[in-house]
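# Working through the structure, step by step
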Amino acid sequence: MDIKIIDDFMPDEVFEEFQSIIREIPWHTSIVLDDELQCDPIYNFMLIHKFYDKYKPQSELFFKYIEPLLTHIKVRSLIRVQGNLTMRTEKIIKHGFHIDYHAIVDGEEQETNNGFASILYLNTNDGYTEFENGTKIKSIENRLVTFPISYKHTSTTCTDKSFRCVINFNYF
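A brief look at the structure comes next. (Residues numbered from 1 in each chain as written. Predicted model: local features only at pLDDT ≥ 70, side-chain atom pairs only at ≥ 80, totals over all residues. Heavy atoms only, no water.)

### Things to note about the packing of aromatic side chains
By convention here, two paired aromatic rings are described through the distance between centres and the angle between planes. Rule in force here: For Phe, Tyr and Trp, rings pair up if their centres lie within 6.5 Å, where Trp contributes its six-membered ring, and each pair is then called stacked (planes under 30 degrees apart), edge-to-face (over 60) or tilted (otherwise). Secondary structure elements are taken from DSSP: a helix is a run of H or I of four residues or more, a strand is a run of E of two residues or more, and numbering for both begins at the N terminus. Categorising residues by exposure relies on relative accessible area from a 1.4 Å probe, with only protein chains included: less than 20% of the type maximum marks a residue as buried, more than 50% marks it as exposed, and the intermediate range marks it as partly exposed.
Going through the model one piece at a time under the given rule, you end up with five aromatic pairs. A ring pair is formed by phenylalanine 131 and phenylalanine 147, whose centres lie 4.8 Å apart and whose planes are at 80°; its orientation type is edge-to-face. Note that phenylalanine 131 is positioned in strand 9 (residues 128–131) and phenylalanine 147 in strand 11 (residues 143–148), a separation of 16 residues in sequence. In this structure phenylalanine 131 comes out as buried when scored by relative accessible area, which is 1%.

Shown next, in the form of structure tokens:
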């Protein structure tokens, strides 16, 4: 499978409701990357909301908004669902190429070719997702991009809106 893009992923009224709940969820600070950081460490932060992680919902109140999307994405087994929000910067900042999920085999992290990552863009801005091969996916609201979980990619900030917000799904 290569990179697959679906524009207008959700019906407008469903997407608008989804956008409105994003303003109400609690956000927490987090670093973007532990290693392979390509930007000044001062930019190595974002706000996150964990909807699902460690084999169970982490956000009982808001996970119910995510559940209907799982059927449309064709999730068989969920690994993680996380909201990522980066603040506006003066220039576009690339954080660093990474993969979202490493399997644990015999107590050690290993890359896996199994599984998928999907990113749902919640607002249109000049930020993007870039893949190691140079492919750039623009942040356009209600766009879903899906790719093998083993594809290295990087997120960016934006310069033309207050923030860039995505929901990141990792699954089998």
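More follows now that the structure is in view.
### Overview of the state of the cysteines
We count it as follows: We call a pair of cysteine sulfur atoms a disulfide when they lie within 2.5 Å.
Taken as a whole and judged by the stated rule, the model has zero disulfides. Free cysteine: cysteine 39, not disulfide-bonded; nearest cysteine sulfur from cysteine 158 at 15 Å. Residue classification places cysteine 39 among the buried residues on the basis of a relative accessible area of 13%. Cysteine 165 forms no disulfide, and the closest cysteine sulfur to it belongs to cysteine 158, at a distance of 11 Å. Here cysteine 165 falls in the buried class, since its relative accessible area comes to 1%.

### Brief notes about the nonpolar core
Grouped burial of nonpolar side chains is what soluble globular proteins tend to show. Worth spelling out the cut-off: Nine residue types can take part in a nonpolar core, namely buried Ala, Val, Leu, Ile, Met, Phe, Trp, Tyr and Cys, and a core is a set of them joined through side-chain atoms within 4.5 Å. Contacts are residue-level and defined by heavy atoms, with any inter-residue pair within 4.5 Å sufficient.
If you look at the biggest cluster of nonpolar residues, it comprises 26 residues, and the most contacted ones within it are Phe18, Ile66, Leu120, Ile167 and Phe169. Those elements that place two or more of their residues in this core are helix 1 (12–22), strand 3 (46–53), helix 2 (60–73), strand 5 (78–87) and strand 13 (163–171). Looking at this core, the element that brings in the most residues is helix 2, giving six residues. Apart from residues no more than four positions distant in its own chain, isoleucine 66 is found in contact with Phe18, Phe51, Val81, Ile167 and Phe169. By size, the runner-up hydrophobic cluster in this structure holds eight residues, among which are Ala117, Val145, Phe147 and Val166.

### A word on the environment of threonine 129
Convention followed: The term polar contact refers here to a pair of N or O atoms within 3.5 Å; inside protein, the definition further demands a hydrogen-donor-capable atom paired with an acceptor-capable atom, and it admits residues adjacent in sequence only when both atoms are side-chain atoms.
By the secondary structure assignment, threonine 129 is in strand 9. Here threonine 129 falls in the buried class, since its relative accessible area comes to 2%. Here the alpha-carbon distance between threonine 129 and threonine 154, two residues 25 residues apart in the chain, equals 5.8 Å. Excluding residues within four positions of it along the chain, threonine 129 makes contact with Ile119, Tyr121, Thr135, Lys136, Ile137, His153, Thr154 and Arg164. Among the polar contacts made by the side chain of threonine 129, one reaches the side chain of arginine 164 at a distance of 3.2 Å.

### Brief notes about unusual backbone geometry
Its identity is not glycine, yet lysine 74 carries a phi of approximately 70°, on the positive side. Relative to the assigned elements, lysine 74 resides in the loop between helix 2 and strand 5. The residue asparagine 142 is not glycine, and still its phi comes out positive at about 70°. Secondary-structure assignment places asparagine 142 in the loop between strand 10 (136–138) and strand 11.

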